[in-house]
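Each chain, written out:
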Amino acid sequence: MKSLVLCCVIVNCFVLGLCDVPQCFKLKFGEISCNQSVDVNTVIKTVPGQNGCLSLAKGLEVFAKVGKMIGNKFEQLYNEEKQKVADGNMIGRKFEKLYNEEKQKVAILNNQISDVTKEMNTCNDFRKITTMRESSVVVQKDYSTPQLKKCGVGMQDINKIKDNQITGSSMTDLKHRPQYGRLFETRGIKAWSTQPGPGYRATIDKWSTFGLKNQWITVDLKKDTKIIGVVTAGRPPLLLSPTYRLYHKQWVKTFSMEYKTDKSNKLNSFLDPTGKVEVFQGNTDMTTPVVNIFRFPITARWFTIKPINYVYSMCMQFDLLVC
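Quick look at the structure, then. Throughout, a residue's number is its position along its own chain's written sequence, starting from 1. For a predicted model such as this one, the threshold for reporting local features is a pLDDT of at least 70, and the threshold for listing and counting side-chain atom pairs is 80 or more; totals across whole chains, interfaces and linings nevertheless cover every residue. Hydrogen atoms and water are omitted, and side-chain values are computed over all heavy atoms in the structure.

Here we look at the overall build of the protein
Quick note on the threshold: Secondary structure elements are taken from DSSP: a helix is a run of H or I of four residues or more, a strand is a run of E of two residues or more, and numbering for both begins at the N terminus. Relative accessibility decides the category of a residue: with a 1.4 Å probe and only protein chains considered, values under 20% of the type maximum give buried, values over 50% give exposed, and everything between is partly exposed. In this description, contact between two residues means that some pair of their heavy atoms is separated by no more than 4.5 Å. Every accessible area reported is derived by Shrake-Rupley at a probe size of 1.4 Å, with residue values counting cover from the shown protein chains alone.
Helix and strand content of the protein: 3 helices and 13 strands. The 323 residues of the protein split such that 35% are buried. Counted over contacts in the protein with a minimum sequence separation of 6, partners at least 24 positions apart contribute 72%. A total of about 20200 Å² of accessible surface is found on the protein, and carbon and sulfur atoms cover 57% of it.

Considerations on the state of the cysteines
Our working rule: When the sulfur atoms of two cysteines come within 2.5 Å, that pair is taken as a disulfide.
What the rule picks out here adds up to 1 disulfide. Between the sulfur of cysteine 151 and that of cysteine 323 lies a disulfide, 1.9 Å long from S to S. With the S-S dihedral at roughly -105°, the linkage between cysteine 151 and cysteine 323 falls on the left-handed side. Of this pair, cysteine 151 sits in helix 2 (residues 145–151) while cysteine 323 sits in the segment after strand 13 (315–321), and the two are 172 residues apart along the sequence. Classification of cysteine 323 as partly exposed rests on a relative accessible area of 34%.

Re the pattern of salt bridges
We count it as follows: The term salt bridge refers to a side-chain nitrogen of Lys or Arg lying within 4 Å of a carboxyl oxygen of Asp or Glu.
Enumeration according to the criterion identifies 9 salt bridges in this entry. Between arginine 187 and aspartate 163 there is a salt bridge, and its shortest N-O distance comes to 3.0 Å. Of the two residues, arginine 187 sits in the loop between strand 6 (166–168) and strand 7 (192–193) while aspartate 163 sits in the loop between helix 2 and strand 6, which places them 24 residues apart along the sequence. Since its relative accessible area comes to 26%, arginine 187 is described here as partly exposed.

Description of the packing of aromatic side chains
Short version of the rule: Between the rings of Phe, Tyr and Trp (Trp by its six-membered ring), a pair exists once the centres lie within 6.5 Å; its type follows the angle of the planes, with under 30 degrees stacked, over 60 edge-to-face, and the other angles tilted.
Under the defined criterion, the tally for this structure stands at 6 aromatic pairs. Centroid distance phenylalanine 255 to phenylalanine 280: 5.3 Å. Interplanar angle 10°. Geometry classified as stacked. Of this pair, phenylalanine 255 sits in strand 9 (residues 251–260) while phenylalanine 280 sits in strand 11 (residues 280–281), placing them 25 residues apart in sequence. Both residues of the pair, phenylalanine 255 and phenylalanine 280, belong to the buried class. With centroids separated by 5.7 Å and ring planes inclined at 75°, the aromatic side chains of phenylalanine 270 and phenylalanine 280 adopt a geometry described as edge-to-face.

Some remarks on the nonpolar core
Note the threshold: Here the nonpolar core consists of buried residues drawn from Ala, Val, Leu, Ile, Met, Phe, Trp, Tyr and Cys, with membership extended through side-chain atoms lying within 4.5 Å.
Val219, Met257, Phe303 and Leu320 are the most contacted members of the largest nonpolar core, which totals 25 residues. If you list the elements that add at least two residues to this core, you get strand 8 (217–233), strand 9, strand 12 (290–311) and strand 13. Residues contacting methionine 257, with those up to four places away along its chain left out, are Val230, Asn268, Ser269, Phe270, Phe280, Phe294, Phe303, Thr304, Ile305 and Leu320. Counting residues in hydrophobic clusters, the runner-up holds 10 residues, among them Cys151, Leu183, Val291 and Leu321.

Considerations on the pairing of strand 8
Stated formally: Should DSSP find at least two bridges between two strands, the strands are regarded as paired.
Of all 17 residues that make up strand 8, 13 are buried, and the element is covered over most of its length. The pairing of strand 6 with strand 8 spans 3 bridges and is antiparallel. If you follow glycine 168 over to strand 8, its bridge partner there is isoleucine 217. Here strand 8 runs beside strand 12; their pairing, made up of 11 bridges, is antiparallel. Pairing of lysine 226 across the sheet is with threonine 299, part of strand 12. As judged from the 5 bridges shared by strand 8 and strand 13, these two strands associate in the antiparallel manner. Note that in strand 13 the partner of alanine 233 across the bridge is glutamine 317.

What about the pairing of strand 12?
Sheet topology note: the strand 5 (residues 139–141)/strand 12 ladder contains 3 bridges and is antiparallel. Looking at the pairing, lysine 141 lines up with valine 291 of strand 12. Note: strand 9 against strand 12, 9 bridges, orientation antiparallel. Pairing of threonine 254 across the sheet is with asparagine 309, part of strand 12.

What follows is the structure, given as structure tokens:
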């Protein structure tokens, strides 16, 4: 009885360990040696009675062995590929870690660039301010009365700035007290006036402050406030007074200013571009308010005006501007 054996395409006699098997196989169209590969669907007929030829049982055993070998090979290949995948995942995690580290570095760099940009902007602002200080003068502008009332820091309203927030170096008497140095004041003589100077002549210039120095008037805003300028005026005329034509023609022609912030004990002077104390141009008559706009806004709590030159006596009204 003939037995049939089906051989696998990739397995030859050598791989199966059959090289010592006699050449007993016959193809349908010829013979085949043990060293030759067998096509996948080739039918190999065994010759009965020859030793070493494969029976059906032997063929099945061979196929079992081949199947196991192939299974082991595929398992090995699978494990190798699995390891490659694991290695790839490990490499992926490593690159992800590197990516996150580089991303963090980029974020830090962006923050540093942002800080540098802010510093550059600050420097640019400083250069603008410096250029403005070096190239500009204090601007004198015309404000209407409604504008002065709108833009005043509060000197014109006793409910906003109390009397106890305004102090001065001296006063002629209670009618000339510093608290009356508000712009558009209506109390007392409607202005602040200092004590008479040591050189006055009682009969002719009774209230003259000739020879008096280092006089000042200060307002405490209670907190640091951004101020853009100052407005001053002279002593308003008292038309019912027979002496107003002589004695009441009083105003400050030039003055300097100082300021101090809330958390500082340092008193700062307004300086001109050369570093000297700024001399502000004041009034030229009794009634016309004069506005001086600072080169750049000043944020401070205390502001002080110090008269320099004046007509007849140091007498004035003032307010600080926020717009």
